[in-house]
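# What the coordinates show
Spelled out, the chains give:
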Amino acid sequence: MAADTLFHRITDYAHRADPYPLYAELRENGVARQDDGSYLVGTYHDIAALLHDPRISSDRRHRTVPDGAAGTDEGVPPSFIGLDDPEHHRLRGLAMRSFGPPHTPDRIDGMHEDITRIVRDLIAGFEGKERIDVVDDFAYPLPVTVICRLLGVPTEDEPRFRLWSDAIVAGFDPTPGDDPEERQRAGTDARKQMALYLGELAEGRRGHPSGDMLSAFVNDAGPEGQLTPLETMATAVLLLIAGHETTVNLITNGMLTLLRHPDALERLCREPELMPLAVEELLRYEPPVQMLPQRTPLADIEVAGRTIPKGSPLILMLAAGNRDPQRFVDPDRFDPAREDNQHLGFGSGVHSCFGAPLARLETQIALHELLRHLDTPRLIEDPPEYRRSPVLRGPRHLLIGRGGV
Amino acid sequence: MLGEPRDGRIVVVGASLAGLRAAETLRAEGFTGSLTLIGEETHPPYDRPPLSKQVLLGKVPADRTGLPQRRRLDADWKLGVRAGGLDPVGKRVLLDDGADVPFDRLLIATGTRARPWPHPDEAAMDGVFTLRTSGDAAALAARLAAGPRRVLVVGAGFTGSEIASACRERGLDVTVAERGPAPLVGALGGTLGELAAKLQRAHGVDLRCGVTVTALEGDGRLTGAQFSDGTRIDADIAVIALGAVRNTEWLAESGLAAGPRGVTCDAGCRAFDMYGIVTDDIFAAGDVARFPHPLFEYQLLSLEHWGNAVAQAEVAAHNMISTGPRRRPHLTVPAFWSSQFGLNIKSVGVPTFSDQVVIAQGSLKDARLVAVYGYRGRVTAAVSVNQARSLEYYRHLIETAAPFPPAPGAADQRESPVPVPSDVPDPKLLSHGPTVALTGHLPDRRLTVVQPAR
Ligand SMILES: Cc1cc2nc3c(=O)[nH]c(=O)nc-3n(C[C@H](O)[C@H](O)[C@H](O)COP(=O)(O)OP(=O)(O)OC[C@H]3O[C@@H](n4cnc5c(N)ncnc54)[C@H](O)[C@@H]3O)c2cc1C
């Protein structure tokens, strides 16, 4: 029966708190074809190979199996995450111009102090509270504030784009079976509204550059040209969503994991210089992006002895690859000092995460400051309540108490 | 079974990239004995790739490219002294200062040096440079900064082309002379050589192919150069980029299989003696080594690649302290990178080990592409230009001897999927030496020519 397929169980909310046994099952079964014609891949080396395979498209419009989410976004073109080279390369390059090297090498490094200040302000807000919700009180507001500053979006508008963002994320939730049409329509609609909003903000800065990315998009042309207004909208939506939906989960999953591993937590308090390695391990052990659901082969492709036909939906289970014993020693162990940790937490290949340097920096600072300022934190609810999405997985709330009880 | 030889005396000759990485690996894998590094240069180990890039651009001073040491070595460093000989029976390295250093196991990592201009008087003129050491780079960078009227680069291999690129980026007039039909053809073949030529010209290089420099002119100080086509130019700097010479002379009397093509060793980095018998206590790694590679039909390869020096040094070090079955082969797929004229070029495999090439991704027009090379129907190399991310995929094709041409269907395939001849010229036609030398008898065109003694 359809509802029994592996992917059904993986997306089933009942397994959200611990999908890892299902991922192990996936790795053991090799490439898993689902009833709807999609294919799941869960072993590290196969995923890594597919992420570098130039015959794998990120453009859903290449799917031959009916795909409700494809081509429904009239008006706003796909953002570069859903395009292939050379278009992807051009758009990503134009966006990168105002984000990272070689043109803007210091943008992220330069935010170190800013981020630290935001983090400390949030922590100051814990004052007098006995219970903290790591999500609402910290892990959500932090990346939102950061991405808003970076893009140049007024933080006051946060409630508006929070609704849009929720709808957009729900819209690409690939949970099979439950009728996706309504969710997808709402997602598309929200994306359009967010695009209009961001487009208007950007246009308002044409001729009045204010140092943020939106104004760079409309004011700084490089030799490769400039984003068109529509491209600016699509790119801004992508950055705003990707810039916070994932980092919230990385920070929250991080805190949860550390609280579940008191030895590691204590070690990080003693050896704060381990934090960068620990964050890499978190990206391996509890990656915020659990899967890439939107790849499509452009030719028949052989993976682990099976042929995945051209045009089939291909789902790469990054989180399963991250715990593949063929690649990582003792993969289910959380080791904050793990070496040789080439995880798939940020993907790999041409689409590897654009915002990785920012996500790393935010999470390193966030966890470092949390550990410094929370004396003997403890988990109040384990497992915590999770968010709905099986793709961007993380707790909806994470309640912790302070002070030894 | 015998215990692993974790103690005793290990001597490393050549204190640069391969020597340092080998020493680090020895300690990392538990070698507790005495460790001596002998290096002719006075500097602690430094990195060479930036010398022809950031250093010539003035972005990094030449003495700031030191290699990070990844762990405490607890080693005896003998710097500024050259090894002049090897006594394989007495197991001693003979130093030029008269001392000798006994060893139980030896690693040869003496690398290469720049091939000098063949006429010593001309080479000695003020304004004539080569580029191999940080001293070379410091001197050349200072002269470039002083604003010469024209720079002549002799040889358009990777180093020559990078130097030309740096000159143009500094706004200097530059002439490049290359005996072969195009820059980089010795490493990348005709298709990409043509792209390189176009690119150099587009960046304002006065590129002259199919000619040689017949004389450097000047009276103590360089003033110009004569070409084989009868033309001449004024220039006040000439950089001789004619490729590299392997530092093996010091091994002449050692009885090892060491010569102009390097120190021949097996896949486990053990050096052969002149009778082809493998030694068990002398190892070689890095640019000086010449080793068989199964992916290239066991051709002996000499590579001048940073990544090879690191990987081979690690294997050599491991094998120096491991017995028989625990030893590992050095099977890494060759890989290197270069940056010039705004392009990032990366290569995996051996492009010269090819008869055909196809542009599998992107296009020559956009100067963003992946060219895939094949030999007799299998993939042997891939070169990316501003497109490094999919090289991993092609490395896998090379490792698995996948059929050539590779399956079509790349999302960004822009050019005809029909392969064309790879047009790898005979190395004899090049001014610059090849950075990868196939020193055996394949592909078919590359036979050893025996010259009658004169
Ligand atoms: C300008 C330049 C740019 C480069 N750019 C790139 C690049 O972009 N990408 C890439 O992949 N590779 C590049 N390379 C090549 C790379 O640097 C070499 O592959 C690497 O340095 C090889 O390391 P090695 O230790 O084997 O030899 P070397 O670095 O040559 O070191 C050998 C050392 O041994 C010493 N020595 C020699 N003889 C004796 C003796 N008898 N006694 C004692 N000491 C001795 C030498 O003085 C030297 O210090 C570049 C090289 C140069 C020169």
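One numbering rule holds for all chains: residues counted from 1, following each sequence as written. As they are written, the chains are lettered A onward and the ligands numbered 1 onward, keeping that order. Totals for whole chains, interfaces and linings use every residue, but because this is a predicted model, local features are given only for residues with pLDDT of at least 70 and side-chain atom pairs only at 80 or more, for both listing and counting. Excluding hydrogens and water, the side-chain values take into account all heavy atoms of the structure.

### Examining the overall build of chain A
- Along its length, chain A carries 15 helices and 10 strands.
- The principal-axis extent of the C-alpha atoms belonging to chain A is close to 55 × 55 × 40 Å.
- Burial status follows relative accessibility: with a 1.4 Å probe on protein chains alone, a residue under 20% of its type maximum counts as buried, one over 50% as exposed, and anything between as partly exposed. Sorting the 405 residues of chain A into buried and exposed places 59% on the buried side.
- Pairs at least 24 apart in sequence give 73% of the contacts found in chain A among residues at least 6 apart.
- Summed over all atoms, the accessible surface of chain A reaches about 16700 Å², with 52% contributed by carbon and sulfur.
- Computing the positive centroid from 44 side-chain charges and the negative centroid from 64, chain A places the two 0 Å apart. Helix and strand assignments come from DSSP, with helices taken as H or I runs of at least 4 residues and strands as E runs of at least 2, each series counted from the N terminus. Contacts are assigned to residue pairs that have any heavy atoms within 4.5 Å of one another. Note on areas: Shrake-Rupley, 1.4 Å probe, and residue coverage restricted to the protein chains presented here. Two residue types count as positive, namely Lys and Arg, and two as negative, namely Asp and Glu; His and chain ends fall outside the count. Lys charges are placed at NZ, Arg charges at CZ, Asp charges at CG and Glu charges at CD.

### Here we look at the overall build of chain B
- On a plain count of helices and strands, chain B comes out with eight helices and 30 strands.
- In chain B, the proportion of contacts linking residues at least 24 apart, taken out of those at least 6 apart, comes to 66%.

### A look at the packing of aromatic side chains
All names here are of chain A.
- Stacked, tilted and edge-to-face pairs are distinguished by plane angle, under 30 degrees for stacked and over 60 for edge-to-face with tilted covering the rest, among Phe, Tyr and Trp rings (Trp via its six-membered ring) whose centres lie within 6.5 Å. Applying the stated criterion across every chain yields a total of 12 aromatic pairs over all chains.
- Grouped by ring-pair contacts, the aromatic residues F80, F99 and F354 constitute a single cluster.
- Put simply, a charge is over a ring when the Lys NZ or the Arg CZ is close to the ring centre, within 6 Å, and near the line of the ring normal, within 35 degrees. The ring of Y140 has R162 sitting right over it, with the charged end atom 3.8 Å from the ring centre.
- Positioned above the aromatic ring of Y20 is the side chain of R323, whose terminal nitrogen or guanidinium carbon lies 3.6 Å from the ring centre.

### Observations concerning the site of the ligand
Residue and element names in this part refer to chain B.
- Within the structure, the ligand sits among 31 residues, and E41, R48, K53, R132 and D287 are positioned closest to it.
- The term polar contact refers here to a pair of N or O atoms within 3.5 Å; inside protein, the definition further demands a hydrogen-donor-capable atom paired with an acceptor-capable atom, and it admits residues adjacent in sequence only when both atoms are side-chain atoms. In the model, an oxygen atom of the ligand is placed 3.0 Å from a nitrogen or oxygen of the S16 side chain.
- A distance of 2.5 Å separates an oxygen atom of the ligand from a polar side-chain atom of E41.
- When the free accessible area of the ligand is taken as 1000 Å², the share hidden by the protein chains comes to 95%.
- Taken together, the elements giving at least two residues each to the shell around the ligand come down to helix 1 (17-28), strand 2 (34-39), helix 7 (306-320) and strand 24 (335-340). Note on definitions. A residue lies near a molecule or strand when any single heavy atom of the residue is within 4 Å of it.

### Side note on the interface of chain A and chain B
- Opposite the 14 residues of chain A that make contact, chain B presents 15 residues.
- A per-residue breakdown of the area chain A buries against chain B is headed by H52, P54 and R55 of chain A, which together make up 44% of the total.
- Counted as salt bridges are all cases of a side-chain nitrogen of Lys or Arg within 4 Å of a carboxyl oxygen of Asp or Glu. Counting every contact that joins chain A to chain B gives one salt bridge.
- Its salt-bridge partner being D85 of chain A, residue R368 of chain B comes within 2.6 Å of it at the nearest N-O pair.
- On inspection of chain A and its partner chain B, the count reaches five residue pairs in polar contact (both at pLDDT 80 or more).
- The class makeup of the residues in the side of chain A that touches chain B is five nonpolar, four polar and five charged. The term buried area refers to how much accessible surface (probe radius 1.4 Å) is lost by two components on association, counted for both of them together. Residue polarity is assigned by list, with Asp, Glu, Lys and Arg as charged and Ala, Val, Leu, Ile, Met, Phe, Trp, Tyr, Cys and Pro as nonpolar; anything else, Gly included, falls into the polar class.

### Quick look at the side chain of Q312 of chain B
Residue and element names in this part refer to chain B.
- Relative to the elements of secondary structure, Q312 occurs in helix 7.
- A polar side-chain atom of Q312 sits 3.1 Å from the main-chain amide nitrogen of G286.
- The contact partners of Q312, leaving out residues within four places of it in the chain, are C265, C269, A284, A285, G286, A289, F291 and H330.

### A look at the sheet that holds strand 4 (residues 131-133) of chain A
Residue and element names in this part refer to chain A.
- In short, DSSP must find at least two bridges between two strands for them to pair. In space, the three strands of this open sheet follow the order 4-10-9, with antiparallel pairing throughout. Two strands bound the open sheet, and with one partner strand each, they are strand 4 and strand 9 (378-379).
- By the bridge criterion, three bridges tie strand 4 to strand 10 (residues 399-401) in an arrangement that is antiparallel. Its bridge partner lying in strand 10, D133 is registered against L399.

### Section: unusual backbone geometry
- Across the junction of D85 of chain A and P86 of chain A, the peptide omega takes the value 0 degrees, indicating a cis bond.
- Locating P86 of chain A in the fold gives a position in the loop between strand 3 (56-57) and helix 4 (87-97).
- For L184 of chain B, which is not glycine, the phi torsion reads 65 degrees and is therefore positive.
- Among the secondary structure elements, L184 of chain B is positioned in the loop between strand 11 (173-178) and helix 5 (185-188).
- One non-glycine residue, F341 of chain B, lies in positive phi territory at about 45 degrees.
- The residue F341 of chain B is located in the loop between strand 24 and strand 25 (343-349) in this model.
- Taking relative accessible area as the criterion, F341 of chain B reaches 6% and is therefore assigned buried.

### Structural notes on helix 8 (residues 158-171) of chain A
Residue and element names in this part refer to chain A.
- Helix span, as expected, comes to 1.5 Å for every residue beyond the first. Compared with an ideal rise of 1.5 Å per residue, which puts 14 residues at 20 Å, helix 8 spans 20 Å between its outermost C-alpha atoms and is within 8% of the ideal.
- Buried within helix 8 we find E158, F161, W164, S165, I168, V169 and G171. With its buried residues spanning 150 degrees around the axis, helix 8 presents them on a single face. Each C-beta atom gives one direction from the helix axis, and the arc is the one those directions make.

### Regarding the sheet that holds strand 5 (residues 92-95) of chain B
Residues and elements named next belong to chain B.
- With respect to topology, three strands assemble into an open sheet ordered 4-5-6, the strand pairing being antiparallel. Looking at the sheet topology across the chains shown, the edges are occupied by strand 4 (83-87) and strand 6 (100-102). Between one strand and the next, the sheet's axes are offset by a mean angle of 20 degrees, whatever the strand orientation. Axes here mean lines fitted to C-alpha atoms, for a helix over just the part in contact, with angles spanning 0 to 180 degrees between N-to-C directions.

### Concerning the environment of R338 of chain A
All names here are of chain A.
- Checked against the element boundaries, R338 lands in the loop between helix 14 (318-321) and helix 15 (356-373).
- The exposure class of R338 is buried, given its relative accessible area of 7%.
- Residues R338 and G199, spaced 139 residues apart in sequence, show a C-alpha to C-alpha distance of 43 Å.
- A polar side-chain atom of R338 sits 2.8 Å from the main-chain carbonyl oxygen of V329.
- Within the structure, the side chain of R338 is placed 3.1 Å from the backbone oxygen of R333, a separation counted as a polar contact.

### Focus: the pattern of salt bridges
All names here are of chain A.
- Inspection of the entire model under this criterion finds 56 salt bridges over all chains.
- Across the pair D330 and R333 runs a salt bridge, and its minimum N-O distance is 3.4 Å.
- The class of R333 is partly exposed, set by a relative accessible area of 43%.
- By sharing partners, the salt bridges in this structure join E266, R267, R270 and E271 into a single network.

### Overview of the pairing of strand 4 of chain B
Residues and elements named next belong to chain B.
- Pairing analysis gives four bridges linking strand 4 to strand 5, with the strands arranged antiparallel. The residue bridging G85 from the neighbouring strand is L94, located in strand 5.
- Here strand 4 hands over to strand 5 after four residues, with K91 in that stretch at a positive phi of 50 degrees.

### Description of the confidence of the model for chain B
Residue and element names in this part refer to chain B.
- Overall, the prediction assigns chain B a mean pLDDT of 93, with 95% of residues at 70 or greater.
- Counted against residues more than four places away or in other chains, residues 441-451, with its pLDDT under 50, gives 29 contacts.
- Among the scores for the predicted complex, ipTM is 0.79 and pTM is 0.87. pLDDT measures the predictor's confidence residue by residue and takes values from 0 up to 100.

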